[in-house]
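Understanding the architecture of this molecule
Letter by letter, the chains look like this.
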Amino acid sequence: MAGHSKWKNIMHRKGRQDAKKGKQFTKAAKEIIIAARAGGGDPDMNPRLRAAIAAAKQVNLPKDKIDNAIKKGTGEIEGENYEEVTYEGYGPGGVALLVECATDNRNRTVSEVRHAFTKHGGNLGENGSVSWMFDRKGVFTFPKDRFGEVQLMEVGLEAGAEDVVDDGDAWTVHSAPEDFETLREAFEEAGLIPENAETSMVPQTTVDVDADNSRKLMKLIDMLDELDDVQNVHGNFDISDEVMAEMEG
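Residues numbered from 1 in each chain as written. Predicted model: local features only at pLDDT ≥ 70, side-chain atom pairs only at ≥ 80, totals over all residues. Heavy atoms only, no water.

Naming follows an unreviewed UniProt entry, where the chain appears as Probable transcriptional regulatory protein DPQ33_00820 of Oceanidesulfovibrio indonesiensis. Checking UniProt for the chain, the heading Sequence similarities (unreviewed entry) contains the comment "Belongs to the TACO1 family." The chain has a UniProt comment under Subcellular location (unreviewed entry) that states "Cytoplasm". (UniProt positions renumbered as here; feature names shortened; annotations may be inferred.)

**Here we look at the layout of surface pockets**
Here the second largest pocket is characterised by a volume of approximately 190 Å³. For the second largest pocket, the full set of lining residues is Phe25, Thr26, Ala29, Lys30, Ile33, Leu61, Lys65, Asn68, Ala69, Lys72, Glu80 and Tyr82. Counting residues per element, the ones that place at least two in the lining of the second largest pocket are helix H2 (21–39) and helix H4 (63–74). Partitioning the lining of the second largest pocket into residue classes produces six nonpolar, two polar and four charged. (1 Å grid on protein atoms, 1.4 Å probe; cavity = no way out; pocket = protein on both sides within 12 Å on 5 of 7 lines; lining within 4 Å. Points joined across faces, edges and corners; volume = space filled by probe spheres on them. Helix = DSSP H or I, 4+ residues; strand = E, 2+ residues; numbered from the N terminus. Nonpolar A, V, L, I, M, F, W, Y, C, P; charged D, E, K, R; others polar.)

**Considering the packing of aromatic side chains**
Counting across every chain of the model gives four aromatic pairs. Centroid distance Phe140 to Phe187: 5.4 Å. Interplanar angle 70°. Geometry classified as edge-to-face. Of this pair, Phe140 sits in strand S4 (residues 134–143) while Phe187 is found in helix H7 (residues 180–189), placing the two residues 47 residues apart along the sequence. Comparing Phe140 with Phe187, the two get one shared label, buried. (Phe/Tyr/Trp six-rings, centres within 6.5 Å; stacked < 30°, edge-to-face > 60°. Buried < 20%, exposed > 50% of the residue type's maximum accessible area, 1.4 Å probe, protein only.)

**Overview of the pattern of salt bridges**
The full count for this structure, using the stated rule, is 13 salt bridges. Between Arg48 and Glu31 there is a salt bridge, with the nearest N and O atoms lying 2.7 Å from each other. With a gap of 17 residues between them, Arg48 in helix H3 (residues 47–58) and Glu31 in helix H2 connect regions that are remote in the sequence. A relative accessible area of 31% means that Arg48 is categorised as partly exposed. Judged by its relative accessible area of 22%, Glu31 is partly exposed. Notably, a salt bridge pairs Glu100 with Arg136, separated by 2.7 Å at the nearest N-O pair. Pair noted here: Glu100 is in strand S2 (residues 95–103) and Arg136 is in strand S4, with a separation of 36 residues, a long-range link. (Salt bridge = Lys/Arg side-chain N within 4 Å of Asp/Glu carboxyl O.)

**A word on the sheet that holds strand S9 (residues 230–235)**
With antiparallel pairing, the four strands of this open sheet are ordered in space as S3-S1-S2-S9. Only two strands of the sheet have a single partner each, and these edge strands are strand S3 (123–124) and S9. Pairing of S2 with S9 involves five bridges; the strand directions are antiparallel. Looking at S9, one finds that Cys101 is bridged to Val230. Here H2 sits on the sheet and contacts strand S1 (83–91), S2 and S9; the angle it forms with S9, its principal contact strand, is near 100°. (Pairing = 2+ DSSP bridges. Contact = heavy atoms within 4.5 Å. Axes fitted to C-alpha atoms, helices over the stretch in contact; angles between N-to-C directions.)

**Considering the nonpolar core**
Core analysis: the largest hydrophobic core is formed by 25 residues, its most contacted members being Leu97, Val99, Val113, Leu224 and Phe237. Looking at which element gives the most residues to this core, the answer is helix H8 (residues 211–226), with seven residues. Of all hydrophobic cores here, the second largest spans 18 residues; its members include Ile32, Ile33, Ala69 and Tyr82. (Core = buried A, V, L, I, M, F, W, Y, C linked by side-chain atoms within 4.5 Å.)

**Re the sheet that holds S4**
Taken in spatial order, the four strands of this open sheet run S5-S6-S4-S7, and their pairing is antiparallel. Looking at which strands have only one partner, the edges of the open sheet turn out to be strand S5 (161–166) and strand S7 (196–203). The sheet shows a mean angle of 35° between the axes of neighbouring strands, direction not considered. Summarising the sheet, S4 and S7 pair through eight bridges and their orientation is antiparallel. By the bridge assignment for S7, Phe140 is matched with Ala197.

What follows is the structure, given as structure tokens:
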């Protein structure tokens, strides 16, 4: 997860978050539609929908768009029929990548994902080729300039947190997926509001990537992330502060 968080920080420093707002809205709405279709439109009875709504609020998706996405998912209003599919492969430097998609056309999506891998020195693999290297976890990110490790541990460990990871300029708290909502509520009750909270695929181990491969990898991930059908990209890469400075220099 360290690598993924650093990649997000690179984008943030380059001022790219605002430019990605439209994609964030689409991604959030798709997740709500899928969650409502799978488990119903009542967030109190559907933990995935509850998490999807919370994620949508984090990116400031308007309430009417949230409500419409729920209704599309439950069939109250006509909407797209999205299917979840995950692609697996290797990027530059031998980095394992998982690409989670929500699509209404598998052929289009796999073609676009394969093109991105090929263009930037990666290889799309078979199902199961890299997924065994990852575990699904609840992931909470807290900026170090506002939160301390001790206070996060005091609240988190009693509510299901597994560990608190030093992730450069942020603390990352992991939990089992089933403890995600309990932990989120505990943090919020304690006034500890995370910068980001989601369930994510966390690598069991990470691969150090040099500057040259890091640049190629970032181009690949950026291209994947910009595809309309891609919801999330997960990788097992780690980039040292020295390499990050060299990349940005």
